[in-house]
Amino acid sequence: MKRWFGRRHRLLLVELAIVLIASWPKQGRADPANVVAVDSKLEEAPQSTSPPSQASEPVLSLSDCTFFPEPECAESLVLELGVGGGQSVSNLALMAFSRPQIELGYLRKVAPDLHLGPTFELALSYDDVRLAWEASPRVRLRYFAASSYFVIEHAIGLQFQRFGYQQGLETGTRAGVMADASFGVRGIAGPFAQVAALTDLGGNDQTYLHWVAGLRLNLVAWAVVFTGGRLLE
């Protein structure tokens, strides 16, 4: 009985070993057909692609934005010529005067549809009695209403005036504050109005008040128009 049990035990071990050896290649080695099938599936699998990027908006250059300001402009230069007239009150009676002016500056986009920056205005004011030069450093705000080309602008700053009387030797200097407002289309042209209050520095003249109204023109845009577009070539 013991011998039979030992012989049977050995036969079971041999059969187990044979089963393990027979099954080892199937577990350790992959069937080439299966490998090819897997590889073909991998090759046929669609490659992940990122969604097509939307076309980026064209970047407007500084020259483009100076020529025709737009809401999308990051920055623009101001080069404007203005012609106006108004009235002044000081130690003289109410006087009507003429006032050509030029304004230079730089504006930068600070918020949607809103541009802001420093500008400098130089003007000549004259009437039948007095002739004066006026310089105005100011901050100018340009707003494109509802992202359109309709522009509303405001400026506020200082104003200095050097004046003299045409029929006399008296001269003087005044300084004070000014503010103006204008509107138009793309800053090409538009009406404006300005008020100022100046005090005489070291003189006997009374406080000088004036208001001016007129028209401002974008010199760059109108230069292109009058040259038939040759500046753009």
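Residues numbered from 1 in each chain as written. Predicted model: local features only at pLDDT ≥ 70, side-chain atom pairs only at ≥ 80, totals over all residues. Heavy atoms only, no water.

J.: I'd like a rundown of the state of the cysteines, residues and numbers included.
T.: According to the stated counting rule, one finds 1 disulfide in the structure shown. Disulfide pairing is shown between Cys65 and Cys73; the S-S distance is 2.1 Å. The sign of the -95° torsion about the S-S bond sets the Cys65-Cys73 disulfide as left-handed. The class for Cys65 is buried, based on a relative accessible area of 0%. Residue Cys73 is classed as buried on the basis of its relative accessible area, which comes to 1%. (Disulfide = S-S within 2.5 Å. Buried < 20%, exposed > 50% of the residue type's maximum accessible area, 1.4 Å probe, protein only.)

J.: Describe unusual backbone geometry, listing the residues and the values that go with them.
T.: Positioned with a positive phi, Asp113 is a non-glycine residue whose angle comes to about 70°. Its location among the elements puts Asp113 in the loop between strand S2 (95-111) and strand S3 (114-126). Backbone geometry places Ser147, a non-glycine residue, at a positive phi of 60°. With respect to the helices, strands and loops of the structure, Ser147 is situated in the loop between strand S4 (130-144) and strand S5 (150-165). A relative accessible area of 45% means that Ser147 is categorised as partly exposed. (Helix = DSSP H or I, 4+ residues; strand = E, 2+ residues; numbered from the N terminus.)

J.: So what's going on with the packing of aromatic side chains? Which residues, and what values?
T.: Summed over the entire model, instances satisfying the criterion amount to 3 aromatic pairs. Both rings, one in Phe67 and one in Phe68, keep their centres 4.1 Å apart while their planes meet at 40°; by these two values the pair is tilted. Of the residues examined, Phe67 reaches a relative accessible area of 15% and is grouped as buried. Taking the centre distance of 5.9 Å and the plane angle of 90° together, the rings of Phe163 and Tyr165 count as edge-to-face. Comparing Phe163 with Tyr165, the two get one shared label, buried. Over the ring of Phe163 we find Arg174, and its NZ or CZ is 3.9 Å from the ring centre. (Phe/Tyr/Trp six-rings, centres within 6.5 Å; stacked < 30°, edge-to-face > 60°. Lys NZ or Arg CZ within 6 Å of the ring centre and 35° of its normal.)

Interpretation note: all reported values are geometric properties and have no functional meaning in isolation.
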